[in-house]
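# What the coordinates show
The residues making up each chain are set out below.
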Amino acid sequence: MDRAQKEQLVEDLGQIFESSGVVVVAHYEGMTVAEMQDLRANMREAGGSVRVAKNRLAKIALEGKPCESIAQYLTGMTVLAYSEDPVAAAKVVDKFAKDNDKLVVLGGAMGETALDPAGVKAVAGMPSREELIASIVGCIGAPASNIAGAIGAPASNIASILSTIEEKAA
């Protein structure tokens, strides 16, 4: 890599660190190419990305960024998993690490908040943005359906009473 490529990489990493909702750092020593491709595919499906970068360049890119606290985890063979959704990357990495013991979560950052491995696991347990939106929409729609049911109920009760009286009279 020449100097221009390194500067471009540092700039790209800086953009990633600024715009990502969550960044997870993990060791991937011993993983095969196929396993890494699976991780990348799973992350892509969730709307995130996986990046392997030189630790020294990643530390330079972290300077002055909100998630600067993850610099302590950048030692050895590290992989950066990130996503704009504050939960997606953590969920994918946590699930992948359960199935593959070669991927070891070191920590991460969610905005300015530093996360240890337990913190990453806690974030992975949170509902995703889509799940939260669905539950909010469900809560908003529930009162309307309850009102419609309450309004319709007396009419159906009256109709059933009338039909019962009609049957007895006949």
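Just above, that's the structure.
Note that the coordinates shown come from a computational prediction; the quantities given were computed from them, not determined experimentally.

## Points about the side chain of Ser83
By the element assignment, Ser83 lies in strand β3 (residues 78-83). A polar contact of 3.1 Å, which involves the side chain of Ser83, links it to the backbone nitrogen of Ala89. If near-sequence neighbours (up to four positions away) are discounted, Ser83 is found in contact with Ser20, Gly21, Val22, Gly47, Gly48, Ala88 and Ala89.

## Structural notes on the sheet that holds strand β1 (residues 22-27)
The strand order across the open sheet formed by 5 strands is β2-β3-β1-β4-β5, and the pairing between neighbours is antiparallel. Two strands close off the open sheet at either side, each with one partner strand: β2 (48-51) and β5 (113-115). Averaged over neighbouring strand pairs, the angle between their axes works out to 15° when direction is ignored. Where helix α1 (residues 3-19) meets the sheet, its contacts fall on β1, β2 and β3, and the angle it forms with β2 comes to roughly 145°. On the sheet, helix α2 (residues 33-45) packs against β2 and β3 and is oriented at approximately 150° with respect to β2.

## Comments concerning helix α4 (residues 88-99)
Over its 12 residues, α4 runs 17 Å from end to end, which matches the ideal 16 Å to within 8%, given 1.5 Å per residue. Every buried residue belonging to α4 is among Ala88, Ala89, Ala90, Val92, Val93, Asp94, Phe96 and Ala97, and all of these are buried. Along its buried surface, α4 packs onto β1, α2, β3, β4 (104-110) and α5 (117-124).

## Brief notes about the packing of α2 against α4
Closest axis-to-axis distance for the α2/α4 pair is 10 Å, and the angle between their directions is 150°. Classified by chirality, the crossing of α4 by α2 is right-handed. On the side of α2, the interface is formed by Glu35, Asp38, Leu39, Asn42 and Met43, while α4 contributes Ala89, Val92, Val93 and Phe96. For the contact of α2 with α4, the class distribution of residues is 6 nonpolar, 1 polar and 2 charged.

## Considering the pattern of salt bridges
By the definition in use, this model includes 5 salt bridges. Between Lys98 and Asp94 there is a salt bridge, with the nearest N and O atoms lying 3.7 Å from each other. With Lys98 and Asp94 both in helix α4, this residue pair falls 4 residues apart, about one helical turn. Classification of Lys98 by relative accessible area gives exposed; the value is 60%. What makes Asp94 buried here is its relative accessible area of 12%.

What counts and how
Residues numbered from 1 in each chain as written. Predicted model: local features only at pLDDT ≥ 70, side-chain atom pairs only at ≥ 80, totals over all residues. Heavy atoms only, no water. Helix = DSSP H or I, 4+ residues; strand = E, 2+ residues; numbered from the N terminus. Polar contact = N/O pair within 3.5 Å; in protein donor to acceptor, adjacent residues only side chain to side chain. Contact = heavy atoms within 4.5 Å. Pairing = 2+ DSSP bridges. Axes fitted to C-alpha atoms, helices over the stretch in contact; angles between N-to-C directions. Expected span 1.5 Å × (residues − 1). Buried < 20%, exposed > 50% of the residue type's maximum accessible area, 1.4 Å probe, protein only. Left-handed = near helix turned anticlockwise from the far one by under 90°. Nonpolar A, V, L, I, M, F, W, Y, C, P; charged D, E, K, R; others polar. Salt bridge = Lys/Arg side-chain N within 4 Å of Asp/Glu carboxyl O.

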